[in-house]
Amino acid sequence: MKKELPWWKKGIIYQIYPRSFMDLNSDGIGDLEGITRQLDYLSDLGIDAIWLSPIYQSPNVDFGYDVANYVDVDQEFGTLQHFDQLVTAAHQRNIKIILDLVLNHTSDQHPWFVESRKSKDNPYHDWYMWHDPSPKGGPPNNWLSWFGGGGWEYDQHLDQYYFHMFYKEQPDLNWRNPQVRQAMLDVYRFWLDRGVDGFRMDVFNMYFKDKDLRDNPLGGKGPRKFNHQLHLYDMSQPEMHPLLQEIRQLLDSYGEKYMVGETFYSSPQQAAAYIGDDQLHAGFDFSMLGRKFSAPFFRKAIKDWLSALDEKWPNFVLNNHDNSRSATRYKAKKDDKVLKVSATMLLTLVGTPFLYYGEEIGMRDIFLWRHQVLDPVSKRYWPLLPPRDGCRSPMQWDGTDFAGFSNAKPWLPVHPASEQRNVIVQQSDPASLLHFYKNLITIRRAHSALHSGSMEMIDESNPSILAYTRQSDEETVLVALNFTKKAANFVLPVQYREKSWNVILSQHLQEQETTTGTKFALQPLETLILRLN
Ligand code: NOJ
Ligand code: CA
């Protein structure tokens, strides 16, 4: 008998930024009870799992990505009891819960760090990357912070520096210390025992740094100084592989669990090297998160990622909490047509699609003046890089003052267009983007070729249309997407010419109609899905 694929292969994962999804206790900040309240919406949308951006106690220098306690919920989000309720209610609806583990660094308010800076002989001192000044004076080496400036912060009292890849309020842990390793494995156990189904591992390839602290060679280009070094020694060290294996063994002892890694600052090949049966289940490739919107661009990104992965299971993603939203990046018109094209691609590709809250209603970035920006790194790089706050605005549930997100003024402004662009409006409009996403998800679920099948690109030199076939034991499905605003044709491979196809999705053919030919014409921005009869 054919083996069913596990949930994380067949399913669709939906990322929630908890501060911005739903505020139930009217303090302007989203919370766990709010998410529980909206589970029926998510179940109706058809997703299989929720990835929650960090919910742990945090001073919010990096909005949750600076953790002060890994085994409790921040009071802004609720309590552990609220968390348990969320897990139970999600599981009742067959929705899995994935937590975001930020284990490269802690907050500087974490008791471990508070202890570690007390004295050089404090038992926690070695839990962080404390080092003496270089013999010439100054920081131990040339490593930088991704968030800007040097990576080393001087502590006068200790006459030592500690390393921070991100803000100085996010000191990096010393993963070479076996006690750190044990403490972190205990964090996994704590949440697995509470019924969590998986983890997204924040910048995991940074846990280990060169033990001799060698300088990074100079080289490379980009808008940040960080881009002008070759990061040979401050990340991606070989010690990460055995650690992933150890974590994987722990996860496997709990049944069908999942871990997806954020491989930071890496190529598709580097990201793929951490994935496998005894390492990560999956990893992200961020090549698609750019501004380009063309068939050749996506074709190349898809092919590069798939060839790096070889037989490993892919993920595809168009949006997350660190980047401008796709609707903004593609300068989508009100009709959302370009978003329908990208959604069809995302939800018909091989591998696991990741959605980001509000993507399904085409939320756009909010515009902020510099004084409104809350994310520190975005203040620093303003106006060079778009602020990350832009994509973190409150979910647009309805057309009321605070978009149905809260009864109080939200922590970030709601988008001014929320009166027209919201869930309620789109639920009652069969032509809306929300209906389109739901329909695609239903189609994906109904067709084994789409959720489990193999994939092959066709008509690969076509400049306008991205086309591919998906194939399972039961069926062959063909997808063709016109990324341009002009009508265009694509040519079928020889073996499919003059065969009869059933229309699953099209904007100019009737659903259920049959069609045949050698060449197919697509209207501007048309999305076509056919099934071989
Ligand atoms: C990656 C996260 O996605 C980002 O939001 C965060 O600022 C950094 N890691 C630091 O934790
Ligand atoms: Ca709240």
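You'll find the structure just up there.
Here the structure is a predicted model, which is why all the values come from computation and not from measurement.

### A look at the site of ligand 1
Not every one of the 13 residues close to ligand 1 is listed here, only the nearest: Asp62, His105, Asp202, His321 and Asp322. Contact between ligand 1 and Asp62: an oxygen atom at 2.6 Å from a side-chain N or O atom of the residue. Separating an oxygen atom of ligand 1 from a side-chain N or O atom of Arg200 is a distance of 3.2 Å. Here ligand 1 loses 98% of its free accessible area of 300 Å² to cover by the protein chains. In this structure, ligand 1 is accommodated by the largest pocket. Tallied by class, residues from the shell around ligand 1 come to 5 nonpolar, 2 polar and 6 charged.

### Here we look at unusual backbone geometry
Cis geometry marks the peptide bond from Trp382 to Pro383, where omega comes out at -5°. Note that Pro383 resides in the loop between helix H12 (376-381) and helix H13 (423-427). Positioned with a positive phi, Leu213 is a non-glycine residue whose angle comes to about 55°. With respect to the helices and strands, the residue Leu213 is situated in the loop between strand E9 (198-201) and helix H7 (240-252).

### What to know about the coordination of the calcium ion (ligand 2)
Ligation of the calcium ion (ligand 2) by protein atoms is provided by Asp23 (OD), Asn25 (OD1), Asp27 (OD), Ile29 (O) and Asp31 (OD), these donors lying 2.2 to 2.3 Å from the ion. Binding-site remark: the calcium ion (ligand 2) is held by donors from one chain whose sequence spacing is D-x1-N-x1-D-x1-I-x1-D. Just as Asp23 is buried, Asp31 falls in that class too.

Rules of the game
- Residues numbered from 1 in each chain as written.
- Chains lettered and ligands numbered in written order.
- Predicted model: local features only at pLDDT ≥ 70, side-chain atom pairs only at ≥ 80, totals over all residues.
- Heavy atoms only, no water.
- Near = heavy atom within 4 Å.
- Polar contact = N/O pair within 3.5 Å; in protein donor to acceptor, adjacent residues only side chain to side chain.
- Areas by Shrake-Rupley, 256 points an atom, 1.4 Å probe, with all protein chains shown as cover.
- 1 Å grid on protein atoms, 1.4 Å probe; cavity = no way out; pocket = protein on both sides within 12 Å on 5 of 7 lines; lining within 4 Å.
- Sits in = over half its atoms within 2 Å of the grid points.
- Nonpolar A, V, L, I, M, F, W, Y, C, P; charged D, E, K, R; others polar.
- Helix = DSSP H or I, 4+ residues; strand = E, 2+ residues; numbered from the N terminus.
- Donors = N, O, S within 2.8 Å, 3.2 Å for Na, K, Ca; no water.
- Buried < 20%, exposed > 50% of the residue type's maximum accessible area, 1.4 Å probe, protein only.

Geometric values such as these leave the question of function open.
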